[in-house]
Amino acid sequence: MPSPTPRPDPPFRRIVEEIRGRILTGDLRPGDRIPSVRQIAQRWGVAAATASRAMATLRDSGLVETTVGSGTVVSSHTRRKYPVSPAVPQRQARAFKQPLGRMHVLRAAIAIADAEGLDAVSMRRLAVDLGAGPMSLYRHVANKDDLVTQMADEVFGESELPDPGPPGWRAKLELVAHQQWELCRRHLWLPRAVSFTRPALVPNMMAHTEWILRALDGLELPMTTRIREALTLHGLVATVALSTAAEVESEQETGVTLDGWLLAQQKRADQTLDSGRFPLLATIPPETASDLNGLFEYGLARHLDGFATLVQGHARTRP
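The present account deals with the structure reproduced in this document. As a convention, each chain's residues are numbered from 1 in the sequence order in which they are written. Only residues with pLDDT of 70 or above have their local features reported here, since the model is predicted, and side-chain atom pairs are shown and tallied only from 80 upward, although totals for entire chains, interfaces and linings are computed over all residues. Hydrogen atoms and water are omitted, and side-chain values are computed over all heavy atoms in the structure.

**Focus: the overall build of the chain**
Check the secondary structure of the chain and you find 13 helices and 2 strands. Only protein chains enter the accessibility calculation, which uses a 1.4 Å probe; a residue is then buried when its area is under 20% of its type maximum, exposed when over 50%, and partly exposed in between. Out of the 319 residues belonging to the chain, those deemed buried represent 35%. Of the contacts formed within the chain by residues at least 6 apart in sequence, a portion of 71% connects residues at least 24 apart. The Shrake-Rupley method, run with a 1.4 Å probe sphere, supplies the accessible areas, and residue values consider only the shown protein chains as cover. A total of about 18,800 Å² of accessible surface is found on the chain, and carbon and sulfur atoms cover 55% of it. Numbered from the N terminus, helices here are DSSP runs of H or I no shorter than four residues, and strands are runs of E no shorter than two. Whether two residues are in contact is decided by their heavy atoms: any pair within 4.5 Å suffices.

**A word on helix α7 (residues 144–156)**
The span you would expect from a helix comes to 1.5 Å times its residue count less one. Look at α7: 18 Å from first C-alpha to last across 13 residues, which is about the 18 Å you get at 1.5 Å a residue. For α7, the set of buried residues is Leu147, Val148, Gln150, Met151, Ala152, Asp153, Val155 and Phe156. Taking the backbone nitrogen of aspartate 145 as reference, a side-chain oxygen 3.2 Å away marks asparagine 143 as the first, capping residue of α7. Here a polar contact is recorded for every N or O atom pair within 3.5 Å, except that within protein the pair must consist of a potential hydrogen donor and a potential acceptor, and residues adjacent in sequence are included only if both atoms are side-chain atoms.

**Digging into the nonpolar core**
What we call a nonpolar core is a set of buried Ala, Val, Leu, Ile, Met, Phe, Trp, Tyr and Cys residues that are connected through their side-chain atoms within 4.5 Å. In terms of nonpolar packing, the biggest core is built from 55 residues, with Leu126, Leu147, Met151, Trp169, Leu173, Trp189 and Leu190 touching the most fellow members. Secondary structure elements with two or more residues in this core: α4 (102–116), α5 (123–130), α7, α8 (169–186), α9 (190–193), α10 (203–215), α11 (223–254) and α13 (292–317). Residues in contact with leucine 147, not counting those within four places in the same chain, are Val105, Leu106, Ala109, Val121, Met123, Leu126 and Val141. Residues Ile34, Ile40, Leu58 and Val64 belong to the second largest nonpolar core, which totals 17 residues.

**Section: unusual backbone geometry**
Cis geometry marks the peptide bond from aspartate 163 to proline 164, where omega comes out at 10°. Following the sequence through the fold, proline 164 ends up in the loop between α7 and α8. One non-glycine residue, glutamate 220, lies in positive phi territory at about 60°. Within the secondary structure layout, glutamate 220 lies in the loop between α10 and α11.

**Concerning α10**
Every α-helix winds through 3.6 residues per turn, so residues three or four apart in the chain are directed the same way. The end-to-end C-alpha distance of α10 is 18 Å, a good match for the 18 Å that 13 residues give at a rise of 1.5 Å each. Within α10, the full set of buried residues consists of Met205, His208, Trp211, Ile212, Leu213 and Ala215.

**A short note on the packing of aromatic side chains**
The pairing test for Phe, Tyr and Trp rings, Trp by its six-membered ring, is centres within 6.5 Å, and the orientation test on the planes gives stacked under 30 degrees, edge-to-face over 60, and tilted for anything in between. Enumeration over the complete set of coordinates arrives at 2 aromatic pairs. A centroid spacing of 5.3 Å and a plane angle of 75° characterise the contact between tryptophan 169 and phenylalanine 307, whose relative ring orientation is edge-to-face. With tryptophan 169 in helix α8 and phenylalanine 307 in helix α13, this pair connects stretches of sequence that are 138 residues apart. For the pair shown, tryptophan 169 and phenylalanine 307 are each scored as buried. Between tryptophan 181 and phenylalanine 296 the ring centres are 4.5 Å apart and the planes differ by 10°, which places this aromatic pair in the stacked class.

**As for the packing of α8 against α10**
Between the N-to-C directions of two axes lies an angle of 0 to 180 degrees, each axis being a line fitted to C-alpha atoms and, for a helix, fitted only over the stretch in contact. Between α8 and α10, the least distance of the axes is 9 Å, while the angle of their chain directions is 165°. When the axes of α8 and α10 are compared, the pair comes out roughly antiparallel. Here α8 and α10 pass one another in a crossing that is left-handed. Every residue of α10 that contacts α8 at Trp169, Lys172, Leu173, Leu175, Val176 and Gln180 is listed here: His208, Trp211, Ile212 and Ala215. In this classification, the charged set is Asp, Glu, Lys and Arg, the nonpolar set is Ala, Val, Leu, Ile, Met, Phe, Trp, Tyr, Cys and Pro, and all remaining amino acids, among them Gly, are polar. When the residues that make up the contact of α8 with α10 are grouped by side-chain class, the tally is 7 nonpolar, 2 polar and 1 charged. Angles are sorted into four bins: roughly parallel if under 35 degrees, roughly antiparallel if over 145, roughly perpendicular if 65 to 115, and oblique for all others. Definitions for this section: a left-handed crossing has its near helix turned counterclockwise from the far helix by less than a right angle. A right-handed crossing has that turn clockwise.

**Comments concerning the pattern of salt bridges**
The salt bridge criterion pairs a side-chain nitrogen of Lys or Arg with a carboxyl oxygen of Asp or Glu, the two atoms within 4 Å. In total, this model carries 9 salt bridges according to the counting rule given. One salt bridge connects glutamate 174 with arginine 170, and the closest N-O pair in it is separated by 3.6 Å. One end of the pair, glutamate 174, and the other, arginine 170, are both in helix α8, 4 residues apart, so they sit about a helical turn from each other. The partly exposed category is assigned to glutamate 174, whose relative accessible area is 30%. The exposure class assigned to arginine 170 is partly exposed, which follows from its relative accessible area of 25%. Through salt bridges with shared partners, one network takes in Arg170, Glu174, Arg302 and Asp305.

**Section: the environment of threonine 50**
Following the sequence through the fold, threonine 50 ends up in helix α3 (residues 48–60). Since its relative accessible area comes to 22%, threonine 50 is described here as partly exposed. Linking threonine 50 and valine 37, residues 13 residues apart in sequence, is a C-alpha distance of 8.9 Å. In this view, threonine 50 contacts Pro11 and Phe12; residues no more than four positions away in its chain are not counted.

Rendered as structure tokens:
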């Protein structure tokens, strides 16, 4: 009988072998940045899930590690003398010393998302970090979607809303918007974890919405208007926060800071603006567009100005 045709390695395994080979031969040294999940997907022409699996395999093998601010780099503990198959983890996670509880799971997942982004969070990765069996996690969360929802709710619990809060509806809305802005800056993945069309019925997130609705008490606005205001306010925060997250991700993937990028673009910008085609744009200070905190403050103030007009109009027309 003819021998069976060997099955080709899955795409993620070929990616792992190539990167692993570069590490073990010294082409990539400890501390060197390796391609991000997005870059792997683009360079090897694979799906994001395949790229994520390749990254997880490299991490489980102890060949790479993630550092805040630098992205994923070659691990300082890599042993080049004794190559290890990526199918067999070189560095086993330490056994979890305490009984695994819901808070352990959520805190570990939040730590991964804070350092590497939401795409890096998976049940398998979480089990490795906790030194637990993947199936044990399902006693605390139903699936990844449920995990992300609970992570977001846990993060919203970090914000303590005062009761009753400052006097006046505008001061209250400013306060809650600033608190959500700080949460999104602390946890860059948070805006992606909150859905407007499929809101999560979880206590800490619901408490923020309830607080905003209560802040509008006494204005005699329809409840439809009040809930739309709560959603719009968070949408304003989330929109600017997504740009903040994208900038941090770009810095981690490229190693180029925003100041460095602006400097590299200076010559081209000068040529374009000096052409005379854009006289008004040429007068804008270069740091204005990149000041996301200033953009948030401006957007919040103008939104509340508009909402104040709506409130005044409603007061004039009601019986």
